[in-house]
Amino acid sequence: MALAGVLSAFRQLVLDGIELPASREERLALYRERFPCLSAEEAEDLSKMEPERLALYSTSVFSAEGSLIQGAFPLTVAIVRSVWPAGWGEFSASSLAQRVHRVAPWSGIHSPSLGECFLEFITRECRGMQREAPWLEESAALEQAMLEIRKAPDEPLRPQAASALDGLSAGTVAELLAQPMLVPRLVRVAALSWRMLAVRAALLESGDLRVPQRGHCILIGGRPHDFGVTWVEAPEAVAEIFSARRGAQVLLSELADAFVATAGCGSEEDDFRRFHDMVRSLVSAGCLVPAGSLGLVKDSDGTVA
């Protein structure tokens, strides 16, 4: 049998909580029934492995997966822990990972795919928790978006500081609005009904889990030039452009039209000032990158990055 088949059987034994008999003979009979594609020699070799040794592998795997989930979803895990049903036993990152595995086994190698499994667990298994923590799914979606932003491949153009726009700001408004900008593929949009970012920041700073305040907002998230994840609040029409144009160019005039249509509330001068401030924030957050000559950053050898 191919090695992949042996590894598949071994993976099931380690991860799926199969109750194994104490005697080697009974284990051999179980493996022959459960894994008919194994050769007699392969089943014999597996049966020699003591259940205690397999349990050590299981503990190691779920501890590692639990640590990954905890690191990427600190707020969501804290919320789950606060409403963890007594019938599920004592909470731990490892026990959480085991429950995630039962619902959505992780077969990938990158943490965003593990995050997708965790989101599926939240959606399918944690509906009863929504009464006590109705913001749970929103927290999970927000932190998954942050994980995807952090782990995304580098973009063709590097993110810039807001000062990249200073040269254009000295020109006319028409020149500024004609500037093409790149929306990086890694950009994510989050529509929130709760002020989750403030609660997450407080948790990371003090370890205290607070109840979020209600507050609808739409956020655009990117990875700035100094890395990390930064969110910028924006009008819905502007956020829709970002969602639709990831990996493509957009003119600042298009964003300006969307901004004025949904957020314009003052004089032309005031609206433009607020729009310009938003654009600077989006550039600083890595959500927009100048796609003209300002966006072509050269390395020390003179080649374009």
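Refer to the preceding data block for the structure.
The rules we used
- Residues numbered from 1 in each chain as written.
- Predicted model: local features only at pLDDT ≥ 70, side-chain atom pairs only at ≥ 80, totals over all residues.
- Heavy atoms only, no water.
- Helix = DSSP H or I, 4+ residues; strand = E, 2+ residues; numbered from the N terminus.
- Contact = heavy atoms within 4.5 Å.
- Areas by Shrake-Rupley, 256 points an atom, 1.4 Å probe, with all protein chains shown as cover.
- Expected span 1.5 Å × (residues − 1).
- Buried < 20%, exposed > 50% of the residue type's maximum accessible area, 1.4 Å probe, protein only.
- Arc of directions from axis to C-beta.
- 1 Å grid on protein atoms, 1.4 Å probe; cavity = no way out; pocket = protein on both sides within 12 Å on 5 of 7 lines; lining within 4 Å.
- Points joined across faces, edges and corners; volume = space filled by probe spheres on them.
- Axes fitted to C-alpha atoms, helices over the stretch in contact; angles between N-to-C directions.
- Parallel < 35°, antiparallel > 145°, perpendicular 65-115°, else oblique.
- Salt bridge = Lys/Arg side-chain N within 4 Å of Asp/Glu carboxyl O.
- Pairing = 2+ DSSP bridges.

### What about the overall build of the protein?
Thought 1: Counting its secondary structure elements, the protein contains 14 helices and six strands.
Thought 2: Contacts in the protein between residues at least 24 apart in sequence constitute 68% of all its contacts with a sequence separation of at least 6.
Thought 3: Of the roughly 15800 Å² that the protein leaves accessible, carbon and sulfur atoms contribute 52%.

### As for helix H14 (residues 268-284)
Thought 1: In a regular helix each residue adds 1.5 Å, so 17 residues correspond to 24 Å; H14 covers 24 Å between its end C-alpha atoms and thus fits that length.
Thought 2: For H14, the set of buried residues is Asp271, Phe275, His276, Met278, Val279, Leu282 and Val283. The buried side chains of H14 occupy one side of the element, clustering within an arc of 165 degrees when seen end-on.
Thought 3: Following H14 by one or two positions, Gly286 adopts a phi angle in the positive range, close to 80 degrees.

### Some words on the side chain of Glu65
Thought 1: Relative to the helices and strands, Glu65 resides in helix H4 (residues 51-72).
Thought 2: According to the relative accessible area criterion, Glu65 is buried, its value standing at 9%.

### What to know about empty space enclosed by the protein
Gaps left between atoms are located by rolling a probe of water-molecule size over the structure's atoms.
Thought 1: Using the criterion set out here, one finds one cavity of 30 Å³ or more in the structure.
Thought 2: Forming the walls of the largest cavity are Leu68, Ile69, Ala72, Phe73, Ser111, Leu114, Gly115 and Leu147.
Thought 3: Those elements that provide at least two residues to the lining of the largest cavity are H4 and helix H7 (111-125).

### A few points about the packing of helix H6 (residues 93-103) against H7
Thought 1: Between H6 and H7, the shortest axis-to-axis distance is 9 Å and the interhelical angle comes to 80 degrees. Our classification of the angle between H6 and H7 gives roughly perpendicular. Contacts between H6 and H7 involve Leu96, Arg99, Val100 and Val103 from the former and Cys117, Phe118, Glu120, Phe121, Arg124 and Glu125 from the latter.

### With respect to the pattern of salt bridges
Thought 1: Scanning the entire structure with this criterion turns up seven salt bridges.
Thought 2: A salt bridge links Glu120 to Arg124, with the shortest nitrogen-to-oxygen separation between them at 2.7 Å. Pair noted here: Glu120 and Arg124 are both in helix H7, with a separation of four residues, about one helical turn.
Thought 3: Exposure remark for Glu120: the relative accessible area of 34% places this residue in the partly exposed category.
Thought 4: Salt-bridge contacts for Glu233 lead to Arg195; the nearest nitrogen and oxygen are separated by 3.9 Å. Of this pair, Glu233 sits in strand E4 (residues 230-233) while Arg195 sits in the loop between strand E2 (188-194) and helix H11 (196-206), placing them 38 residues apart in sequence.
Thought 5: Assessed through its relative accessible area of 46%, Glu233 is described here as partly exposed.
Thought 6: Residue Arg195 is classed as partly exposed on the basis of its relative accessible area, which comes to 34%.

### Remarks on the sheet that holds E4
Sheets are built from strands paired through backbone hydrogen bonds, the pairs being either parallel or antiparallel.
Thought 1: The three strands lie next to each other as E2-E3-E4, forming an open sheet whose pairing is antiparallel. The sheet is open, and its two edges are formed by E2 and E4, each paired on a single side. Strand-to-strand twist across the sheet, computed as the mean angle between neighbouring axes with direction ignored, equals 35 degrees.
Thought 2: Against the sheet, helix H12 (residues 236-244) contacts E2 and strand E3 (214-222), and its axis sits at roughly 35 degrees relative to E3.

### Structural notes on the sheet that holds strand E6 (residues 289-290)
Thought 1: In space, the three strands of this open sheet follow the order E5-E1-E6, with antiparallel pairing throughout. Strand pairing shows two members of the sheet lacking a second neighbour, strand E5 (249-251) and E6, which therefore form its edges.
Thought 2: Pairing of strand E1 (residues 180-182) with E5, which is carried by three bridges, proceeds in the antiparallel orientation. Looking at the pairing, Pro180 lines up with Leu251 of E5.

### Considering the pairing of E3
Thought 1: Most of E3 is tucked away, with seven of its nine residues classed as buried.
Thought 2: The pairing of E2 with E3 spans six bridges and is antiparallel. Each residue of the ladder has a partner; that of Val189, found in E3, is Ile220.

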